[in-house]
Structure formats: structure tokens, C-alpha cells
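# Summary of structural features
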Amino acid sequence: MNKFVIFQIEREQYAVPIEYVISIEKMVEPTIIPQMPEYMIGVVRIRGELVPVLDTRKLLYERSFEETDKTRLVVTTAEDISVAFIVDEAKEILDIPEEAVKQVNMLAYQQTPYLVGVASLPERLIILMDPNRLFAHLEEADEIKEHIHSHQ
């Protein structure tokens, strides 16, 4: 059994291993940083640390997020910085048995190496993500890290 934080983006449910999750925060208005990629909507300060805020819907579906009262920031560790991913709703913490996890064998896998599997549960499918791989996969990851480190 592994624990995952389950969240929703559009109509799909996603999960990240709980060991990557620092916190789940209410959506706050980020400070906009000029010259950053369009999926990085700004930075917020969480517990004294500057954290880039990434629009997960923009990354996965190429559409901007729409803020509601359920919108949350899932703050994760990604390489050597914290990163906040905007999600439509944080759902729950769930134990997912290893035998329920199926590997993703798709042609598109090369474009999405951060999708590490699908949990096939009796009542639903949940896409498993690795936030480290997602952040590392971004073309501007080094630029974002450099900017955050220079302003800490």
C-alpha cells in the first residue's frame, strides 16, 4: 500500500505520492514575475519560502485554470525547490495497493514521462504523476529554479 494525495483537474483524477507533498494550500493571488513561461502564473510565499505557482491545467490540457472556491495549491518538492501546482480540487489521501497500479504503455509516453501509471480501482481510474519528473520535463525548469534561488 502506498499513500497518494488525490486531486482533480478537469474531469480527471490525478495522484502524487504523499512523500512529495509538502502541503495543500488555499489559492492565493500569486505575485506575477515578468518574462516567465505562460504556465508559471507567479510566485507565492509559503512558510517563508518563495514558491513558483504552475498552472497544471495549462501544462496538461493547454487551457488556463478557472479559479473556484475549491481551487487549491498542491505544494510539492521538485528537485531542489518547492513548486505549487494549481488543481481544481484536492480530494483526499488514499491508500492505493501496488497491484492496482498499471504501467502506462502509450505512444505519447515519451511526451509525458511524468505520468507513471494508472491506479485501476473498482469505482474509478486515477492517473499517477511524479512531480519531480513533471517539473524536470519543463523546458524552462532551470530558468525557474535559477530565478527562485536568486530571490530566496
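The structure this text deals with has already been given above.
I will try to describe carefully the structure that is included in this document.

### Quick word on the sheet that holds strand β3 (residues 21-26)
- Taken in spatial order, the five strands make up an open sheet running β3-β6-β7-β5-β4, and their pairing is mixed. Looking at which strands have only one partner, the edges of the open sheet turn out to be β3 and β4 (40-46). Across this sheet, the average inter-strand angle for adjacent strands is 30°, counted without regard to direction.
- Of the pairings in the sheet, the one linking β4 to strand β5 (residues 49-55) comprises six bridges and is antiparallel in character. Bridging across to β5, Val 43 finds its partner in Pro 52.

### What to know about empty space enclosed by the protein
- Evaluation of the coordinates by the stated rule reveals one cavity of 30 Å³ or more.
- Put simply, the largest cavity is a space of about 50 Å³.
- Residues that form the lining of the largest cavity fall into these classes: eight nonpolar, two polar and no charged.

### Let's talk about the nonpolar core
- Counting residues in hydrophobic clusters, the biggest one holds 30 residues, and the most contacted among them are Phe 7, Met 40, Leu 54, Met 129 and Phe 135.
- A total of four residues in this core trace back to one element, the largest contributor, which is strand β7 (residues 81-87).
- In this structure, Phe 7 is in contact with Glu 12, Gln 13, Tyr 14, Ala 15, Val 16, Val 74, Val 87, Glu 89, Ala 90, Lys 91 and Met 129, ignoring residues within four places of it in sequence.

### A look at the sheet that holds strand β11 (residues 124-129)
- Reading across from one edge, β8-β1-β2-β11-β10-β9 is the order of the six strands in this open sheet, with mixed pairing throughout. One side of each edge strand has no neighbouring strand; the edge strands of this open sheet are β8 (89-96) and β9 (101-102).
- Here β9 runs beside strand β10 (residues 115-121); their pairing, made up of two bridges, is antiparallel. What sits directly across from Val 101, in β10, is Ala 119.

### A look at helix α3 (residues 141-150)
- Of the positions making up α3, those classed as buried are Ala 141, Ile 144, Lys 145, His 147 and Ile 148. Each buried residue of α3 sits inside an arc of 165° when the element is viewed along its axis, so together they form one side. Of the exposed residues in α3, those oriented more than 90 degrees away from the buried face are Asp 142, Glu 146 and Ser 150.

Here is what the cut-offs are and how they apply
- Residues numbered from 1 in each chain as written.
- Predicted model: local features only at pLDDT ≥ 70, side-chain atom pairs only at ≥ 80, totals over all residues.
- Heavy atoms only, no water.
- Pairing = 2+ DSSP bridges.
- Helix = DSSP H or I, 4+ residues; strand = E, 2+ residues; numbered from the N terminus.
- Axes fitted to C-alpha atoms, helices over the stretch in contact; angles between N-to-C directions.
- 1 Å grid on protein atoms, 1.4 Å probe; cavity = no way out; pocket = protein on both sides within 12 Å on 5 of 7 lines; lining within 4 Å.
- Points joined across faces, edges and corners; volume = space filled by probe spheres on them.
- Nonpolar A, V, L, I, M, F, W, Y, C, P; charged D, E, K, R; others polar.
- Core = buried A, V, L, I, M, F, W, Y, C linked by side-chain atoms within 4.5 Å.
- Buried < 20%, exposed > 50% of the residue type's maximum accessible area, 1.4 Å probe, protein only.
- Contact = heavy atoms within 4.5 Å.
- Arc of directions from axis to C-beta.

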